[in-house]
Amino acid sequence: MRGSERALILRPTTPDDFPEVQALFRDPAFEGWGGPGFRSDSQLREKYLGARLPDVECFLIEVDDRVAGFTQLYADGSGAGMDLILLPAERGKGLGRQVVEVVLERVRARGRTHFVVDPSPEDNDAVAFWHAVGFRGQGVLVHHLDDTGESSAD
C-alpha cells in the first residue's frame, strides 16, 4: 500500500447485506443515485444484493473494517463499466482511486478491451474525479485497456 492508502476490501454483496446496503442508500449522499429520490427496499434487494450476477457485480467498499461506499461493475459488450459512490466523509482521501485501480485489475484479468463510466454531466465533482483517474471523453468517459494491462487515455 502507498502511504495514504488504507486497508480496502471490495466485498461482493449478498442478500445478508441488506442492512448495510439499506443504511448506505438512506444516506443523503445516495439520494438520486440510480434514479430520482431514494431506492425502495424492494429495489435495493433486486438491484444491489447480487441478484443480477454475472452481468452486474455489486460490492460494498470496506475500509478500516467499516462500510465506506458502494460500487458495481457491469458487462458492456467487449468492455465493462462501473458505478461508484463513497460516503462524503470518505471522499478526497484517495479511496476512490484505490477502488478504481482494483476494479480495473479485475476488468483487465477478464480480457475486456474498454471500460466506461457515465457520470452526470452536471456533477462537476464526479466528472473531475473520473478525469483525475485517467478517463477521457464526453458524456460517457472511456478508459481503453491495451494488451499490456496499461491504461491509455483518449
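Along every chain, residues carry numbers that run from 1 in the direction the sequence is written. A pLDDT threshold of at least 70 governs which residues receive local features in this predicted model, and a stricter bar of 80 or more applies before side-chain atom pairs are shown or counted, although totals over entire chains, interfaces and linings include all residues. Calculation of side-chain values draws on the structure's entire complement of heavy atoms; hydrogens and water are dropped beforehand.

Colleague: For this particular structure, what's the right way to read the side chain of histidine 114?
Modeller: Take histidine 114: it is sitting in strand β5 (residues 114-117). Classification of residues uses two cut-offs on accessible area relative to the type maximum, computed with a 1.4 Å probe and protein chains only: under 20% is buried, over 50% is exposed, and between them is partly exposed. Of the residues examined, histidine 114 reaches a relative accessible area of 17% and is grouped as buried. Only 3.3 Å separates the side chain of histidine 114 from the side chain of threonine 113, close enough to count as a polar contact. Labels follow the DSSP assignment, with helices taken as runs of H or I lasting at least four residues and strands as runs of E lasting at least two, numbered in each case from the N terminus. Any N or O atom pair separated by 3.5 Å or less is treated as a polar contact, with the protein-specific requirement of one donor-capable and one acceptor-capable atom, and with residues adjacent in sequence counted only for side-chain atom pairs.

Colleague: Where do I start with the pairing of β5 in this structure?
Modeller: Within a regular strand, the side chains alternate between the two sheet faces. Residues His114 and Val116 line one face of β5 and the alternating positions Phe115 and Val117 line the opposite face, and both faces are buried. Bridging between strand β4 (residues 79-86) and β5 involves 2 bridges; their strand directions are parallel. Across the sheet, alanine 80 pairs through a bridge with phenylalanine 115, a residue of β5. At this point the chain moves from β4, through helix α3 (residues 95-109), to the parallel β5, and the crossover so formed is right-handed. Note: two strands are recorded as paired if DSSP finds a minimum of 2 bridges between them. Here a crossover is taken to be right-handed if, once the strands point away from the viewer, the path from the first strand over the helix to the second is traced clockwise.

Colleague: What am I meant to see in the packing of helix α1 (residues 18-26) against helix α2 (residues 41-48) here?
Modeller: The packing of two helices is summarised by the inter-axis angle and the distance between the axes. At a minimum axis distance of 10 Å, the contact between α1 and α2 shows a crossing angle of 115°. Between α1 and α2 lies a crossing of right-handed hand. Contacts between α1 and α2 involve Phe18, Val21, Gln22, Phe25 and Arg26 on the former and, on the latter, Asp41, Leu44, Arg45 and Tyr48. The nonpolar class holds Ala, Val, Leu, Ile, Met, Phe, Trp, Tyr, Cys and Pro. Asp, Glu, Lys and Arg form the charged class, and all remaining residues, Gly among them, are polar. Tallied by class, residues from the contact of α1 with α2 come to 5 nonpolar, 1 polar and 3 charged. Whenever a helix is involved, its axis is fitted only over the stretch in contact; in every case the axis is a line through C-alpha atoms, and angles between N-to-C directions fall within 0 to 180 degrees. For a crossing to be left-handed, the near helix must be turned anticlockwise from the far one by less than a right angle; the clockwise case is right-handed. Contacts were defined at the residue level, with two residues in contact if any of their heavy atoms lie within 4.5 Å.

Colleague: What is the right way to look at the packing of aromatic side chains in this model?
Modeller: Aromatic rings considered in pairs are described by the distance between their centres and by the relative angle of their planes. Within 6.5 Å between ring centres, the rings of Phe, Tyr and Trp (the latter by its six-membered ring) count as paired, and their orientation is classed by plane angle as stacked under 30 degrees, edge-to-face over 60, tilted in between. All chains considered together, the criterion is met by 11 aromatic pairs. A centroid spacing of 5.9 Å and a plane angle of 40° characterise the contact between tryptophan 33 and tyrosine 48, whose relative ring orientation is tilted. Separated by 15 residues along the polypeptide, tryptophan 33 in the loop between α1 and α2 and tyrosine 48 in helix α2 bring together distant segments of the chain. A relative accessible area of 16% means that tryptophan 33 is categorised as buried. Taking the relative accessible area as the measure of exposure, tyrosine 48 reaches 1% and is therefore buried. On the numbers, 5.1 Å between centres and 80° between planes, the contact of tryptophan 130 with phenylalanine 135 is edge-to-face. Residue tryptophan 130 shares its accessibility class with phenylalanine 135, and that shared class is buried.

Colleague: Sorry if this is basic, but what is going on with unusual backbone geometry here?
Modeller: Note on backbone geometry: most residues besides glycine have negative phi, and most peptide bonds are trans. Here leucine 53 and proline 54 are connected by a cis peptide whose omega angle stands at 5°. Examined against the element boundaries, proline 54 turns out to sit in the loop between α2 and β2 (56-63). The backbone phi angle of aspartate 64 is positive, close to 50°, even though this residue is not glycine. Secondary-structure assignment places aspartate 64 in the loop between β2 and β3 (66-76). For aspartate 64, a relative accessible area of 41% gives the class partly exposed. Residues other than glycine seldom take positive phi values, yet aspartate 65 does so here, at roughly 65°. Looking at the element boundaries, aspartate 65 is found in the loop between β2 and β3. The class of aspartate 65 is exposed, set by a relative accessible area of 80%.

Colleague: Is there a simple way to explain the pattern of salt bridges in this structure?
Modeller: Two side chains carrying opposite charge are able to pair once their charged atoms lie near each other. When a carboxyl oxygen of Asp or Glu lies within 4 Å of a side-chain nitrogen of Lys or Arg, that pair is called a salt bridge. As enumerated under the stated definition, the model contains 7 salt bridges in all. One salt bridge connects glutamate 90 with arginine 66, and the closest N-O pair in it is separated by 2.5 Å. With a gap of 24 residues between them, glutamate 90 in the loop between β4 and α3 and arginine 66 in strand β3 connect regions that are remote in the sequence. Its relative accessible area of 6% is what places glutamate 90 among the buried residues. By relative accessible area, which is 36% here, arginine 66 ends up partly exposed. A single network of salt bridges, built from pairs that share partners, joins Arg11, Asp17 and Glu62.

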